[in-house]
Amino acid sequence: MTEPNSPIDSLGELMRAAQQGDGASYLELLRTITPRIRQVIRRQRGFAGIAEVEDLVQDVLLSVHTVRATYDPARPFGPWLLAIVRHRLVDGARRYARIARREIHADEEDVTFSEPEANDDISELGDAAALHEAVRALPEGQRQAIELLKLRELSLKEAAQVSGTSVGALKVATHRAMAALRRTLGKERE
Amino acid sequence: MNTNDLIDNLAAGLEPVAPLWPPGKRAAAWSLGAALYVSLLVIGMSSGGTGTDGAGAMFWVPQIAAIVTGLVASAAAFASVVPGLPKQSRAWAAAAALVWLGTLVVASPGDVDWATVPVASHEWICVGVIVVGGAPLMLALMLMLRHGAPLSPATTAALAALAVGTLANVGACLSLPHANGAITFAWHGGVVLALVVVAAVSGSLVFAWPARSRSNDGFTRNGR
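The present account deals with the structure reproduced in this document.

Reading the values: the criteria
- Residues numbered from 1 in each chain as written.
- Chains lettered and ligands numbered in written order.
- Predicted model: local features only at pLDDT ≥ 70, side-chain atom pairs only at ≥ 80, totals over all residues.
- Heavy atoms only, no water.
- Phe/Tyr/Trp six-rings, centres within 6.5 Å; stacked < 30°, edge-to-face > 60°.
- Buried < 20%, exposed > 50% of the residue type's maximum accessible area, 1.4 Å probe, protein only.
- Helix = DSSP H or I, 4+ residues; strand = E, 2+ residues; numbered from the N terminus.
- Polar contact = N/O pair within 3.5 Å; in protein donor to acceptor, adjacent residues only side chain to side chain.
- Contact = heavy atoms within 4.5 Å.
- Core = buried A, V, L, I, M, F, W, Y, C linked by side-chain atoms within 4.5 Å.
- Salt bridge = Lys/Arg side-chain N within 4 Å of Asp/Glu carboxyl O.
- Nonpolar A, V, L, I, M, F, W, Y, C, P; charged D, E, K, R; others polar.

To continue, consider the packing of aromatic side chains. Residue and element names in this part refer to chain A. Scanning all chains against the criterion turns up 5 aromatic pairs over all chains. Arranged with centres 5.5 Å apart and planes meeting at 70 degrees, the rings of Tyr71 and Phe77 form a pair that is edge-to-face. Assigned by exposure class, Tyr71 and Phe77 land together as buried. Seen in terms of ring centroids, Phe77 and Trp80 are 5.5 Å apart; in terms of plane orientation they differ by 40 degrees. Their pairing is tilted. With Phe77 and Trp80 both in helix α4 (residues 77-102) and 3 residues apart, this pair spans about one turn of that helix. Comparing Phe77 with Trp80, the two get one shared label, buried. These aromatic residues form a ring-pair network of at least three members: Tyr71, Phe77 and Trp80.

Residues and elements named next belong to chain B. Here Thr103 shows up in helix α4 (residues 88-106). Only 2.5 Å separates the side chain of Thr103 from the backbone oxygen of Trp100, close enough to count as a polar contact. Among all residues touching Thr103, those that are not within four sequence positions of it are Val61, Pro62 and Ala65.

Attention now moves to the nonpolar core. The biggest cluster of nonpolar side chains holds 38 residues, and the ones touching the most others in it are Trp30, Met138, Leu141, Leu145 and Leu162 of chain B. Looking at this core, the elements that each hand over two or more residues are α2 (23-45), α3 (57-79), α4, α5 (124-145), α6 (153-175) and α7 (181-206) of chain B. The leading source of residues in this core is α6 of chain B, at 12 residues. If sequence neighbours within four positions are ignored, Leu141 of chain B has contacts with Trp30, Phe78, Ala160, Ala163 and Val164 of chain B. Judged by nonpolar contacts, the second largest core, of 36 residues, contains Ala48, Tyr71 and Trp80 of chain A together with Ala149 of chain B.

With that settled, the discussion passes to the environment of Arg183 of chain A. In this structure, Arg183 of chain A sits in helix α8 (residues 167-189). Each C-alpha atom, one on Arg183 of chain A and one on Thr165 of chain A, is 25 Å from the other, the two residues being 18 residues apart in sequence.

Below, the discussion takes up the interface of chain B and chain A. Taken together, the contact pairs 34 residues of chain B with 37 residues of chain A. Seen at the junction of chain B and chain A, the total is 1 salt bridge. Note that Arg31 of chain A and Asp8 of chain B form a salt bridge whose closest N and O atoms lie 3.1 Å from each other. Viewed at the interface, chain A and chain B are joined by 7 residue pairs in polar contact (both at pLDDT 80 or more). Each residue belonging to the side of chain B that touches chain A can be placed in one class, and the counts come to 22 nonpolar, 6 polar and 6 charged.

Here it is in structure tokens:
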């Protein structure tokens, strides 16, 4: 993306035309750079979901649009674009951390009634051995998240300190682990 | 809105924009205006005598260092809002600021009584000149910088404050008599440092990407 003679440098011509108000050139430019932006974001944010990646891609596109006047046609386009992507990624990470700090993690409480049919199947006591096996089969990071948060019942902050990962990464790992456990245990019940 | 729709919308609503001047050229334009403004400030304030009466190298060297710091810092501030430019200019600005402070220390008399420096109450006038007198310069610089990309708001704001503070400090030094370099070092240096810190802390309030409305994916600030 940053090599002086890479194809992306030809996009500088499109941006120059876009600065002059050429909508067709701008459309071509944005359509060309979007997959590259998406690729960079996926590489940098390996744990991000599709929606989060697209959110960041759109942030970058809007930023490119906002500051298109700062592009100097005499300079290569690649470093200009990459600088915006990097800074928006950092902004995105800060925003994510800010939201994570404000969030209060609450597990879904299952209400148990005396009538068995009123209870959902989550509140039933399942097969402990199957659950144990399913947890063991999880990838290392997800297993650790489950053990710290669900079995040892640590807070997110405590679990992050113990595991040496971020709160955000723990949340993602927990979410994925729970989905995997539901899939595994659901299959077994069927 | 999905990404393809966003792209179509951005292209459909495209308006021509004039590419910004290179950072050096923009810094030169602002510095020229700043020089004129500081000159008028000095002329306006020094009707009863200036701080340059009988001044020698010990006075002028710090002033030259301050001017150089202001110019380098303004160039670095303008460079900091252009994506993809090298960041060395920021280091040059920091180095220039240290040299300026160093010249003030060197200009301090050897037998200076540092205990009297903090109680030099007449220096509050200089503080006023630097802060209030520098405000129009800061406003102009901020407005110019906001046309760029808010990549590093704290750094940009700190560099802007350094540029304004050092040039306004020259105005204060030229228009008001000063006892010695130690007082200038402590008071002027302190004020400029405080301005830099305040600007760095509040930089994100001034330089920010336009907020995105999640409902329509449009911008809701700055009219962008």
